[in-house]
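Analysis of the macromolecular model
Residue strings, one per chain:
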Amino acid sequence: MNQFAKITLALLLSASGAAFAQSGNMKDMPMDSKSHGDMKGMDMKGMDMKGMDMKGQGSDKQGESHMASATVKSADAAKGTVTLSHEPIKSLKWPAMTMGFSVKDKALFEKLSPGNKVQVEFVKQGSEYVVTSVK
Ligand SMILES: [Cu+2]
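As named in an unreviewed UniProt entry, the protein chain is Copper-binding protein, taken from Noviherbaspirillum album.

A count of helices and strands for the protein chain gives 1 helix and 5 strands. In the protein chain, the order of α-helices and β-strands from amino to carboxyl end is α-β-β-β-β-β. If you take every contact in the protein chain between residues at least 6 apart in sequence, the share linking residues at least 24 apart comes to 50%. In the structure as shown, the protein chain presents an accessible area of about 10300 Å², 61% of it carried by carbon and sulfur atoms.

Turning to the coordination of the copper ion, a few remarks are in order. Protein coordination at the copper ion: the donors are His86 (NE2), Met97 (SD) and Met99 (SD), at 1.9 to 2.7 Å from the metal. In terms of primary sequence, the donors binding the copper ion are separated according to H-x10-M-x1-M. Of this pair, His86 sits in strand S2 (residues 81-86) while Met99 is found in strand S3 (residues 97-103), placing the two residues 13 residues apart along the sequence. Using a relative accessible area of 2% as the deciding quantity, one classes His86 as buried.

The sheet contact formed by S3 and strand S5 (residues 128-134) spans 2 bridges and is parallel. What sits directly across from Val103, in S5, is Val131. By the bridge criterion, 6 bridges tie strand S4 (residues 117-125) to S5 in an arrangement that is antiparallel. Along S5, the bridge assignment pairs Val120 with Val134.

Let us look at the environment of Lys111. Position of Lys111 relative to the elements: it lies in the loop between S3 and S4. Separated by 39 residues in the primary sequence, Lys111 and Val72 have C-alpha atoms spaced 9.3 Å apart. Residue contacts for Lys111: discarding those within four places in its chain leaves Asn116, Val118 and Val134.

Rules of the game
Residues numbered from 1 in each chain as written. Predicted model: local features only at pLDDT ≥ 70, side-chain atom pairs only at ≥ 80, totals over all residues. Heavy atoms only, no water. Helix = DSSP H or I, 4+ residues; strand = E, 2+ residues; numbered from the N terminus. Contact = heavy atoms within 4.5 Å. Areas by Shrake-Rupley, 256 points an atom, 1.4 Å probe, with all protein chains shown as cover. Donors = N, O, S within 2.8 Å, 3.2 Å for Na, K, Ca; no water. Buried < 20%, exposed > 50% of the residue type's maximum accessible area, 1.4 Å probe, protein only. Pairing = 2+ DSSP bridges.

Dropping the structure here:
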């Protein structure tokens, strides 16, 4: 029984080895050079389009600052993030909600203790909202 198992294993290994070698050869020859070239071209186009999309965003423009009254829910100074439960923000047409913000300056965390009622000023930077001042 032991020997039979060994032989079966050896047969399986050599069979799968041969299959690997064959499929490897088939892939390598015609496709590799072509697909490589195509992928490089697509990467570059994708990057250009992303840059354009970000500039073209309308309602919440990059760099425009907004004010909000909010209650601090939680703050993580090490990560530079704060969760605020903010009142409606007219300049963004946002309803009241609880959401995460990034915090520009670590010193701002002095005023961002959970439970504090604050007035924050924030700007859009890339895809995130960054608190720039706290009152
Ligand atoms: Cu919000």
